[in-house]
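# A closer look at the structure
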Amino acid sequence: MDVFDELLRGVRGKGALFGRSVLWPPWSLRFTDGAYLTLCLPLRGEGWIIPEGGNGDGGRGGDGTARRVRVGEAAIVRGPAPFVFTDAPATVTGTGPGASVREVRWNVGPGDDPAPPDELTGPTVLLAAAFDVHAEVPRRLLRVLPPVLVVPDEEDCSPLRDYLEAQIGRVRPGRQIVLDRLLDWLLVCTLRDWFDRPEAAPPMWYRALGDEVAGPALRAMHEEPAHPWTTAELAARAGVSRTTFAKRFTELVGEGPVAYLTEWRMTLAADLLSHQDLTVAAVARRVGYADAFGFSAAFKRVRGVSPSAYRREPAVQRELDREAPAG
């Protein structure tokens, strides 16, 4: 099993496509619906993305400053804070002529259908899509993203962009589903390209997947999380001694194999607990615990609350708590 595939399998668009975004300067669009991820794709022209509280000094986007996005690039904005996409930073600050900000919300109605092909000829045409990510498994990877990332199209993504643009103005049965899936695909392409870039800072375990010692063990734990793995058995998978394996794994991943397996099991358990038809005991068995007591103790140690309390806590509040900055 490809771990990247597994982690992003549940990421899906909201079923909303922001269309008719043929823009004539000066323009500013403020996205306010708090999506976990927003994909911004200029089909014509360019613009600047400024996160809430950011400024227009042309920074790299990792600290809330503005990022320029051109044709041939894709940008991903990590929410839930609002952000602005604008023709120029001065438009947002109100120092440019005719500066105004238009609010964008992700509720598509009959009047918001994407513009037909003959209207996609303005100086700037923006395609944007919102993605909600409620599951803990994909969030485990996506939490390391900067507030804004910009990635040039690679060879495997640019044909998809061309095909997507060709589909925008076509009215056929299942059109929205096709567009949603194409945007899902483009999002995953962009994320994959980002994590391969030198400026990316993926989690240590992500880098370790390519290691000949740690990689086989990580894949084994992801494929069979309920298996009663021991350090010796994982070392055998890697073809090295127990001592060599434990040292190498800890150096690359930042924690020992047992600690990593426990954290991964609790991530899976957090998602399983959202299914009200599963008892705590059933969730425990699915993640490798023979009884609910041992599982509950491990879950509370890792997550800070018992499985029952986690299940009672509103999902929205859990997301806010986990997104709140430390300090």
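Residues numbered from 1 in each chain as written. Predicted model: local features only at pLDDT ≥ 70, side-chain atom pairs only at ≥ 80, totals over all residues. Heavy atoms only, no water.

## Quick word on the overall build of the protein chain
Assigned secondary structure in the protein chain consists of 14 helices and 11 strands. Across the protein chain, contacts joining residues at least 24 apart in sequence account for 76% of those joining residues at least 6 apart. Working note: accessible area of the protein chain is about 15300 Å², and carbon and sulfur atoms make up 54% of it. (Helix = DSSP H or I, 4+ residues; strand = E, 2+ residues; numbered from the N terminus. Contact = heavy atoms within 4.5 Å. Areas by Shrake-Rupley, 256 points an atom, 1.4 Å probe, with all protein chains shown as cover.)

## Quick look at the packing of helix α7 (residues 214–223) against helix α9 (residues 242–253)
Taken N-terminus to C-terminus, the directions of α7 and α9 make an angle of 80 degrees; their axes are 9 Å apart at the nearest point. Taken as axis vectors, α7 and α9 run roughly perpendicular relative to one another. In contact with A214, A217, L218 and M221 of α7, α9 contributes F245, F249, L252 and V253. Of the residues assigned to the contact of α7 with α9, the class counts are 8 nonpolar, no polar and no charged. (Axes fitted to C-alpha atoms, helices over the stretch in contact; angles between N-to-C directions. Parallel < 35°, antiparallel > 145°, perpendicular 65-115°, else oblique. Nonpolar A, V, L, I, M, F, W, Y, C, P; charged D, E, K, R; others polar.)

## What about the pairing of strand β7 (residues 73–78)?
Extensive coverage of β7 is indicated by the burial of 6 of its 6 residues. Across 4 bridges, the pairing between strand β4 (residues 37–44) and β7 is antiparallel. Each residue of the ladder has a partner; that of T38, found in β7, is V77. (Buried < 20%, exposed > 50% of the residue type's maximum accessible area, 1.4 Å probe, protein only. Pairing = 2+ DSSP bridges.)

## Here's the deal with the packing of aromatic side chains
Using the criterion set out here, one finds 8 aromatic pairs in the structure. Centroid distance F195 to Y206: 5.1 Å. Interplanar angle 40 degrees. Geometry classified as tilted. Taken together, the positions of F195 in helix α5 (residues 175–195) and Y206 in helix α6 (residues 204–208) put the pair 11 residues apart, joining distant regions of the chain. Among the residues examined, F195 registers a relative accessible area of 0% and is labelled buried. Ring centres of F245 and F249 lie 5.6 Å apart, and the angle between their planes is 50 degrees; this geometry places the pair in the tilted category. Here F249 and F245 lie together in helix α9, a separation of 4 residues that amounts to about one turn. (Phe/Tyr/Trp six-rings, centres within 6.5 Å; stacked < 30°, edge-to-face > 60°.)

## Section: the confidence of the model for the protein chain
The predicted model of the protein chain averages 79 in pLDDT, with 72% of residues at 70 or higher. Below pLDDT 50 for its whole length, residues 55–62 participates in 22 contacts with residues either more than four positions away or in separate chains. Confidence drops under pLDDT 50 across residues 107–118; counting only partners more than four residues distant or on other chains, this segment forms 21 contacts. (pLDDT = per-residue confidence, 0-100.)

## Quick notes on the environment of T65
Mapping T65 onto the fold places it in the loop between β5 (46–51) and β6 (67–70). Spatially, the C-alpha atoms of T65 and I49 are 8.4 Å apart, while their sequence positions differ by 16 residues.

## A closer look at unusual backbone geometry
Residue P80 is reached from G79 by a cis peptide bond, and omega for that bond is 10 degrees. With respect to the helices and strands, the residue P80 is situated in the loop between β7 and β8 (83–86).

## Side note on α7
Counting buried positions over the 10 residues of α7 gives 7, a clear majority of the element. Here α7 has its buried residues at A214, G215, A217, L218, A220, M221 and H222.

## Examining helix α8 (residues 231–238)
Listing the buried residues of α8 in full gives T231, L234, A235 and A238. Looking straight down α8, one finds its buried side chains confined to an arc of 105 degrees; they lie on one side. Against α7, α9 and α10 (257–272) lie the buried residues of α8. Where α8 terminates, the next one or two residues include G239, which has phi positive at roughly 75 degrees. (Arc of directions from axis to C-beta.)

## Some points on the pairing of β5
For β5, the tally of buried residues reaches 5 of 6 residues, placing the bulk of the element in the interior. Two strands pair when backbone bridges link them, and β5 and β6 are joined in this way by 4 bridges, in the antiparallel orientation. Following the sheet pairing, G47 is matched in β6 by V69. Across 4 bridges, the pairing between β5 and β8 is antiparallel. In the strand pairing of β8, P51 is matched with F83.

## Side note on the pattern of salt bridges
Throughout the structure, instances matching the rule amount to 9 salt bridges. A salt bridge links R70 to E46; the shortest N-O distance between them is 3.8 Å. A residue pair is termed long-range when its members are at least 10 positions apart, and R70 in strand β6 and E46 in strand β5 qualify at 24 residues. The exposure class assigned to E46 is partly exposed, which follows from its relative accessible area of 31%. Between E136 and R143 there is a salt bridge, and its shortest N-O distance comes to 2.9 Å. A relative accessible area of 24% places R143 in the partly exposed class. One network of salt bridges, with partners in common, ties together E46, R68 and R70. (Salt bridge = Lys/Arg side-chain N within 4 Å of Asp/Glu carboxyl O.)

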